Amino acid sequence: MIDDLWYKNGVFYGLLRRLDYLHGLGVTAIWLMLFQPSPGRDDGYDISDYYGVDPRHGTLGDFVESTHGCQQRGIHVIIDLVVNHTSDAHPWAFNEVALLP
């Protein structure tokens, strides 16, 4: 297996609660869908804080603990990043008024 292309031959599974169980199954990667805070106007794709964790999904500490647990077991973590769906509530949001003369 080519190390740079590990994801092409990886076994993916979506839950973090039972890392030892998942590791025992041979899971090599976990793909996390959107978990950042969102006003919810675009089914959660309108991210308002790319550095945070929506309280419905836990805390930043939970995320860090989970990723460390994955790392200890050799499980890769993939995170969806949808910058093209940034919420208008995000500080990076495009502001048309700022472009007016």
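Only a predicted model underlies this, so the values are computations on that prediction, with no experimental measurement involved. (Residues numbered from 1 in each chain as written. Predicted model: local features only at pLDDT ≥ 70, side-chain atom pairs only at ≥ 80, totals over all residues. Heavy atoms only, no water.)

**Student:** It is not clear to me how the overall build of the protein chain should be interpreted in this structure. Could you clarify?
**Tutor:** Tallying secondary structure elements over the protein chain gives three helices and three strands in all. The buried share among the 101 residues of the protein chain stands at 27%. A fraction of 52% describes how many contacts in the protein chain between residues 6 or more apart in sequence connect residues 24 or more apart. (Helix = DSSP H or I, 4+ residues; strand = E, 2+ residues; numbered from the N terminus. Buried < 20%, exposed > 50% of the residue type's maximum accessible area, 1.4 Å probe, protein only. Contact = heavy atoms within 4.5 Å.)

**Student:** Any chance you could explain the packing of aromatic side chains here in plain terms?
**Tutor:** Here the distance between the centres and the angle between the planes together describe a pair of aromatic rings. Per the stated rule, a full pass over the model turns up one aromatic pair. A ring pair is formed by Phe35 and Phe63, whose centres lie 5.0 Å apart and whose planes are at 25 degrees; its orientation type is stacked. Highlighted residues: Phe35 in the loop between strand 2 (29-32) and helix 3 (60-72) and Phe63 in helix 3, separated in sequence by 28 residues. Its relative accessible area of 21% is what places Phe63 among the partly exposed residues. (Phe/Tyr/Trp six-rings, centres within 6.5 Å; stacked < 30°, edge-to-face > 60°.)

**Student:** Where do I start with a nonpolar patch on the surface in this structure?
**Tutor:** A contiguous nonpolar patch, built from Trp31, Met33 and Tyr45 and spanning about 320 Å² of accessible area, is present on the exposed surface. Mapping Trp31 onto the fold places it in strand 2. Among the residues examined, Trp31 registers a relative accessible area of 44% and is labelled partly exposed. (Patch = residues over 30% accessible without salt bridge, like charges linked within 9 Å, V, L, I, M, F, W, Y side chains within 5 Å. Areas by Shrake-Rupley, 256 points an atom, 1.4 Å probe, with all protein chains shown as cover. Salt bridge = Lys/Arg side-chain N within 4 Å of Asp/Glu carboxyl O.)

**Student:** What am I meant to see in the nonpolar core here?
**Tutor:** Grouped burial of nonpolar side chains is what soluble globular proteins tend to show. Among the nonpolar cores identified, the biggest contains nine residues, and these are Leu19, Leu22, Val27, Ile30, Leu32, Phe35, Val53, Cys70 and Ile75. The set of elements that each furnish at least two residues to this core consists of helix 2 (19-25) and strand 2. When neighbours within four sequence positions are excluded, Ile75 is seen to be in contact with Leu19, His23, Val27, Thr28, Ala29, Ile30 and Cys70. (Core = buried A, V, L, I, M, F, W, Y, C linked by side-chain atoms within 4.5 Å.)

**Student:** Looking at this model, I keep getting lost on the environment of Gly24. Mind explaining?
**Tutor:** Within the secondary structure, Gly24 is located in helix 2. Gly24 gets classed as exposed once you look at its relative accessible area, which sits at 66%.

**Student:** Mind showing me how you'd approach the pattern of salt bridges here?
**Tutor:** Side chains that differ in charge, positive against negative, can pair when their charged atoms come close. A full pass over the atoms with the stated rule returns two salt bridges. Salt-bridge contacts for Asp20 lead to Arg73; the nearest nitrogen and oxygen are separated by 2.7 Å. Note that Asp20 is positioned in helix 2 and Arg73 in the loop between helix 3 and strand 3 (76-79), a separation of 53 residues in sequence. When its relative accessible area of 57% is taken as the criterion, Asp20 is described as exposed. Overall, Arg73 belongs to the partly exposed group, its relative accessible area being 24%. One salt bridge in this structure joins Asp54 and Arg56, with 2.8 Å as the shortest N-O distance. Taking the relative accessible area as the measure of exposure, Arg56 reaches 64% and is therefore exposed.

**Student:** Looking at this model, I keep getting lost on the side chain of Asp46. Mind explaining?
**Tutor:** Position of Asp46 among the secondary structure elements: in the loop between strand 2 and helix 3. Among the polar contacts made by the side chain of Asp46, one reaches the side chain of Ser38 at a distance of 2.7 Å. (Polar contact = N/O pair within 3.5 Å; in protein donor to acceptor, adjacent residues only side chain to side chain.)

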